[in-house]
Amino acid sequence: MAPVCVLVGPPGSGKTTVGQALAELLGVEFRDTDLDIEATAGKPISEIFIDEGEAHFRALEREAVAAQLASATGVLALGGGAVLAEQTRAALVGHTVVYLSVELPDAVRRVGLGAGRPLLAVNPRATLKHLLDQRRPYYAAVATATVVTDGRTPEQLAVEVAALLAA
Ligand SMILES: Nc1ncnc2c1ncn2[C@@H]1O[C@H](COP(=O)(O)OP(=O)(O)O)[C@@H](O)[C@H]1O
Ligand SMILES: O=C(O)C1=C[C@@H](OP(=O)(O)O)[C@@H](O)[C@H](O)C1
Ligand SMILES: [Mg+2]
């Protein structure tokens, strides 16, 4: 078995929110590697970054992604930086991977709504601009389909991804 769909994209693209709505629509389980990492570590990602550093978080993330790609059967959301790992990009080959794309204005608005992204704690707009520029090629490389999320609601996007999966 494999996940029906793996969601990739930058922070604020809506992987977690759209993923939950999509899983509900399809009547399948929703998994999010960030939630798995937090459950295993017993603390929020922001604290893993503070206590053990980003490199340790990335190692936990590679393990969490590999475990979920082997076991998840529903919708699987990855963290925004998961595709930075060559190992993870290779592991995604053969899976249905939807890239939720977002441009800077919507991404800034959306991450401003929530907390807990340590990479965006300082100067979120500049950091997000850099992340988007650096990572676009990686998201595009692993994706089997791309859905533009700017100006759309999570519910609209869940319907759109579901239609893509059914096609
Ligand atoms: N399409 C959307 N339109 C408006 N707000 C959104 C949309 N998708 C997500 N959000 C909001 O943006 C924030 C980040 O969404 P989230 O699902 O955590 O993104 P990701 O997991 O890709 O970082 C949340 O507060 C969420 O409610
Ligand atoms: O972009 C990144 O490097 C990160 C994105 C976060 O996930 P979301 O993309 O779900 O916000 C989370 O994994 C961590 O804070 C690092
Ligand atoms: Mg998320």
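Residues numbered from 1 in each chain as written. Chains lettered and ligands numbered in written order. Predicted model: local features only at pLDDT ≥ 70, side-chain atom pairs only at ≥ 80, totals over all residues.

1. Digging into the overall build of the protein chain
So, step 1. Secondary structure assignment for the protein chain yields eight helices and five strands.
So, step 2. Secondary structure of the protein chain in N-to-C order comes out as β-α-β-α-α-α-β-α-β-α-α-β-α.
So, step 3. If you line up the protein chain on its principal axes, its C-alpha atoms span 45 × 35 × 25 Å.
So, step 4. Looking at the protein chain residue by residue over its 167 residues, the buried ones come to 36%. (Helix = DSSP H or I, 4+ residues; strand = E, 2+ residues; numbered from the N terminus. Buried ≥ 20, exposed ≤ 12 C-beta atoms within 10 Å, placed from the backbone.)

2. Topic: the site of ligand 2
So, step 1. The environment of ligand 2 is formed by Pro 11, Lys 15, Thr 16, Asp 34, Ile 45, Gly 79, Gly 80, Gly 81, Arg 117, Pro 118 and Leu 119.
So, step 2. Taken together, the residues of the shell around ligand 2 break down into four nonpolar, four polar and three charged. (Near = placed C-beta within 6 Å. Nonpolar A, V, L, I, M, F, W, Y, C, P; charged D, E, K, R; others polar.)

3. A few points about the UniProt feature "binding site: ATP" (unreviewed entry) in the protein chain
So, step 1. Here the UniProt-annotated "binding site: ATP" (unreviewed entry) positions come out as Gly 12, Ser 13, Gly 14, Lys 15, Thr 16, Thr 17, Arg 117 and Arg 152.
So, step 2. Tracing the backbone through its elements, the reader meets Ser 13 in the loop between strand E1 (5-8) and helix H1 (15-26).
So, step 3. Given 29 C-beta atoms within a 10 Å radius, Ser 13 is considered buried.
So, step 4. Setting aside anything within four residues of it in sequence, one finds Thr 16 in contact with Asp 32 and Ala 77. (UniProt positions renumbered as here; feature names shortened; annotations may be inferred. Contact = placed C-beta atoms within 7 Å.)

4. Some words on the site of ligand 1
So, step 1. The local shell around ligand 1 holds 17 residues, among which Gly 14, Lys 15, Thr 16, Thr 17 and Arg 110 are the closest.
So, step 2. Secondary structure elements with two or more residues in the shell around ligand 1: H1 and helix H8 (154-166).
So, step 3. Ranked by the residues each element gives to the shell around ligand 1, the list is headed by H1, at three residues.
So, step 4. Looking at side-chain class alone, the shell around ligand 1 contains four nonpolar, ten polar and three charged residues.

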